[in-house]
Structures are given as C-alpha cells and as structure tokens.
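# Tertiary structure, described
What follows is the residue order along each chain.
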Amino acid sequence: MSLRLQMLGTGNSFAKNYFNNNALLQDEAFTLLIDCGITASLALHEMGKTFRDIDAVLITHIHADHVGGLEEFALFTQYNCETKRVLYLPETLAVPLWNQTLMGGLYQEGVVGSLEDIFEVRLLTPGVPVQVSPGIRVELIKTPHIPGKDSYSIVLNEDTFYSADMTFRPDLLLKLVQERGVRRIFHDCQLTGQGVVHTTLKELLSLPEEVRRMIKLMHYGDDKPDFEGKTGEMEFLQQQLTYEL
Ligand SMILES: O=c1ccn([C@@H]2O[C@@H]3COP(=O)(O)O[C@H]3[C@H]2O)c(=O)[nH]1
Ligand SMILES: [Zn+2]
Ligand SMILES: [Zn+2]
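Everything quoted here is computed from the prediction, not taken from an experiment. (Residues numbered from 1 in each chain as written. Chains lettered and ligands numbered in written order. Predicted model: local features only at pLDDT ≥ 70, side-chain atom pairs only at ≥ 80, totals over all residues. Heavy atoms only, no water.)

### Observations concerning the overall build of the protein chain
Counting its regular elements, the protein chain contains seven helices and 14 strands. At 17 Å, the protein chain has a C-alpha radius of gyration in line with the 18 Å of a compact globule built from 245 residues. When the backbone C-alpha atoms are referred to their principal axes, the protein chain occupies close to 55 × 35 × 35 Å. Looking at the protein chain as a whole, 51% of its 245 residues qualify as buried. Long-range contacts, defined as pairs at least 24 residues apart, comprise 59% of the intrachain contacts of the protein chain with a sequence gap of at least 6. In the protein chain, 21 side chains carry a positive charge and 33 a negative one; their mean positions are 4 Å apart. (Helix = DSSP H or I, 4+ residues; strand = E, 2+ residues; numbered from the N terminus. Rg over C-alpha atoms; globule rule 2.2 N^0.38 Å. Buried < 20%, exposed > 50% of the residue type's maximum accessible area, 1.4 Å probe, protein only. Contact = heavy atoms within 4.5 Å. Lys, Arg positive; Asp, Glu negative; His and termini not counted. Charge placed at Lys NZ, Arg CZ, Asp CG, Glu CD.)

### Some words on the side chain of His-145
Inspection of the secondary structure assignment puts His-145 in the loop between strand 8 (136-142) and strand 9 (152-156). Among the polar contacts listed, one links the side chain of His-145 to the side chain of His-63, at a separation of 3.3 Å. Within the structure, His-145 has its side chain in polar contact with the backbone oxygen of Val-197 (distance 2.8 Å). Beyond its immediate sequence surroundings of up to four residues, His-145 is in contact with His-61, His-63, Ser-151, Asp-165, Met-166, Thr-167, Val-196, Val-197 and His-198. (Polar contact = N/O pair within 3.5 Å; in protein donor to acceptor, adjacent residues only side chain to side chain.)

### Describing helix 3 (residues 70-80)
Given 3.6 residues per turn, any residue in an α-helix points the same way as the ones three and four places further on. Every buried residue of helix 3 is accounted for by Leu-70, Phe-73, Ala-74 and Thr-77. Viewed along the axis of helix 3, the buried residues span an arc of 100°, placing them on a single side of the element. Of the surrounding secondary structure, the elements contacted by the buried residues of helix 3 are strand 3 (31-34), strand 4 (56-58), helix 2 (64-67) and helix 4 (94-106). (Arc of directions from axis to C-beta.)

### Regarding the coordination of the zinc ion (ligand 3)
Protein ligation of the zinc ion (ligand 3) involves His-61 (NE2), His-63 (ND1), His-145 (NE2) and Asp-165 (OD), the donor distances falling in the range 2.2 to 2.3 Å. For the pair the zinc ion (ligand 3) and the zinc ion (ligand 2), the metal-to-metal distance amounts to 3.6 Å, and Asp-165 bridges them. Highlighted residues: His-63 in the loop between strand 4 and helix 2 and His-145 in the loop between strand 8 and strand 9, separated in sequence by 82 residues. The partly exposed category is assigned to His-63, whose relative accessible area is 22%. (Donors = N, O, S within 2.8 Å, 3.2 Å for Na, K, Ca; no water.)

### A look at the packing of aromatic side chains
Between two aromatic rings, the relevant description is the distance of the centres plus the angle of the planes. Here the structure, examined in full by the defined rule, presents five aromatic pairs. Relative to Tyr-220, the ring of Tyr-18 has its centre 5.1 Å away and its plane inclined at 85°; by these criteria the two rings are edge-to-face. Placement of Tyr-18 in the loop between strand 1 (4-7) and strand 2 (23-26) and of Tyr-220 in the loop between strand 12 (215-218) and strand 13 (235-236) is noted, with a sequence separation of 202 residues between them. When the centroid spacing of 5.1 Å and the interplanar angle of 75° are considered together, the rings of Tyr-220 and Phe-236 count as edge-to-face. Note that Tyr-220 is positioned in the loop between strand 12 and strand 13 and Phe-236 in strand 13, a separation of 16 residues in sequence. As far as burial versus exposure is concerned, Tyr-220 and Phe-236 are alike and both buried. An aromatic cluster of three or more residues is present, and its members are Phe-51, Phe-73, Phe-76 and Phe-119. (Phe/Tyr/Trp six-rings, centres within 6.5 Å; stacked < 30°, edge-to-face > 60°.)

### Considering the coordination of the zinc ion (ligand 2)
As a benchmark, a tetrahedral metal site with four donors has ideal angles of 109.5 degrees, while an octahedral site with six donors has ideal angles of 90 or 180 degrees. Protein ligation of the zinc ion (ligand 2) involves Asp-65 (OD), His-66 (NE2), Asp-165 (OD) and His-219 (NE2), the donor distances falling in the range 2.1 to 2.2 Å. Here the donor residues of the zinc ion (ligand 2) share one chain and are spaced in sequence as D-H-x98-D-x53-H.

### Section: the UniProt feature "domain: Metallo-beta-lactamase" (unreviewed entry) in the protein chain
With numbering matched to this structure, UniProt assigns "domain: Metallo-beta-lactamase" (unreviewed entry) to residues 19-219. Secondary structure within residues 19-219 divides into 27% helix and 24% strand; the distance between the first and last C-alpha atoms comes to 9 Å. (UniProt positions renumbered as here; feature names shortened; annotations may be inferred.)

### Re the layout of surface pockets
Computed from the structure, the largest pocket encloses a volume of approximately 240 Å³. Considering the residues around the largest pocket, the lining is formed by 19 residues, among which Asn-12, Ser-13, Phe-14, His-198 and His-219 are closest to the centre. Here the residues of the lining of the largest pocket are counted per class, giving six nonpolar, nine polar and four charged. (1 Å grid on protein atoms, 1.4 Å probe; cavity = no way out; pocket = protein on both sides within 12 Å on 5 of 7 lines; lining within 4 Å. Points joined across faces, edges and corners; volume = space filled by probe spheres on them. Nonpolar A, V, L, I, M, F, W, Y, C, P; charged D, E, K, R; others polar.)

### Details of the sheet that holds strand 7 (residues 130-133)
What the seven strands build is an open sheet, ordered 7-8-9-10-11-12-13; its pairing is mixed. Because the sheet does not close on itself, it has two edges, and the strands there are strand 7 and strand 13. Relative to strand 9, strand 8 is paired through five bridges, and the arrangement is antiparallel. Considered in strand 9, the bridge of Val-138 is made with Leu-156. (Pairing = 2+ DSSP bridges.)

### Quick look at the packing of helix 3 against helix 4
The contact between helix 3 and helix 4 brings their axes to 10 Å, and the two run at 55°. By the angle class used here, helix 3 and helix 4 are oblique. At the point where helix 3 passes helix 4, the crossing takes the right-handed sense. Of the residues in helix 4, those in contact with Leu-70, Glu-71, Ala-74 and Leu-75 of helix 3 are Leu-97, Leu-102, Gly-105 and Leu-106. Grouping the amino acids of the contact of helix 3 with helix 4 by side-chain chemistry returns six nonpolar, one polar and one charged. (Axes fitted to C-alpha atoms, helices over the stretch in contact; angles between N-to-C directions. Parallel < 35°, antiparallel > 145°, perpendicular 65-115°, else oblique. Left-handed = near helix turned anticlockwise from the far one by under 90°.)

The following block contains the structure:
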C-alpha cells in the first residue's frame, strides 16, 4: 500500500522562509494532518488544498506552530463541511487544548461548548497503536520537550519515527532502530545553539552512521541554507515536496 508524506512546512516556530512544521500523510483514500500550526491553511493553499481535503488531524503538543491553525480548521469544517473531522489527541492534551488554547475563540453559548461539538475526538494512549486508516497506523511515544508540557512523537506503520519537538534521546532512537525495526526517521533539528528544548544537528551527527542514514531533518530555522552539505548522511526534508514512504 503506497503512503505519501508531504510537509506543509519544515520550519521552526520563528521561521519566516518556511511554513510551520506540519505534515500530510496520505494513503489511497485517507489524509491525516499531523499538527496544524498558524500557517497551516496558507501552506495548504499553496498546495492547492483546503481543510476540506483533511480527514483527520493528529496533535503532538500544544505550541502555536503545532495547534495555532486549529481554530480556523474547526470553524472552516463547522461551516463548510458536511461531516465532523476526526481529531486524534493524546489523552493528556484533551483538557489543556480546549481550556487553554481553543475555548477562547470557539466557545459559543448553546452551540460549541467542547471539542466534541466540533470534532470527532479520538483520544490516544502512548504505547497503544491505532489504525487510523487502512494504510496508516500510529503509536504515540511521550518524548521530552518542555518540562510540564507534554509532547508526543509518533511511530508510523512500525517502520517510521516522526519526532515531535523533542530534546535528544539517542537511547530511544537506537532502541527504535535495533528493537522495533524502524527504518526511517523524520527528526526535529535545531541547527545552532544548545539543545534546550530541541535536538541539535550536532547531537544527531553523533549518532551511529546506520541511524544517520535513516534520518531526514525537519523543524529547522531560516539558517538552513548555511547548512546545506554540512549534515552528513542526513538530508533536509523539503516542504511541499511529496515523499513516497
Ligand atoms: O523553554 C523554552 C520554551 C520555548 N522556547 C522557544 O519557544 C518555541 C515554541 O515553539 P517550538 O517548541 O517549536 O520552539 C520553542 C523555542 O524556540 C524556548 O526556547 N525555551
Ligand atoms: Zn515547534
Ligand atoms: Zn514545541
């Protein structure tokens, strides 16, 4: 079964030359959006798409470059689509996503009082795989990002790791490759500075060559052109390009 990945954007939260790091995953008849940042609708527009083309959205964590477009997504589907879209949500994010992010703009007395009034909410438990569509199976892994702010990376179809924003976890990456058979890694990559809330290029370059060859870099800054040819075996994911998985 063919599976295609198309990054709406590959930028970090302050990038101006790249859209937010959000992804489309498509099998024959299903389209999953992974994260929905501030620039999501504009990025989709550039791709000749709208939120109508999305069957489900999965949220990895609550930062504006990952959820800042959900209000527009919600209102668009509420008033332009016949069916509710599915919202795959890590169970610990359900309350904060509504109470701390979406309620302000979406609450409407007697009309919208919860996520369930807009989305078909399906809560995800880390470590419990869910078959989202015939060709897309997701399993969450809680990964470190910002203390006290849950963030979840994704194992896709047993062979692909899609990192959320996360700090360096070489032990996890090695375990995924050596014990779970992961063969492809899409990873958050901060090109300069210390890895306080992200994984740095320097840290990823410290991984064994076998693992580096599996990695494509994403969630990078506008300084990316300065690092072309300086990432070893790891390639930069290009936004809006379609990758056959
Ligand atoms: O303790 C903190 C919290 C946040 N930040 C910045 O805010 C950004 C939020 O989006 P992001 O997760 O893509 O990247 C984060 C960082 O750039 C930080 O540097 N240190
Ligand atoms: Zn981010
Ligand atoms: Zn983040």
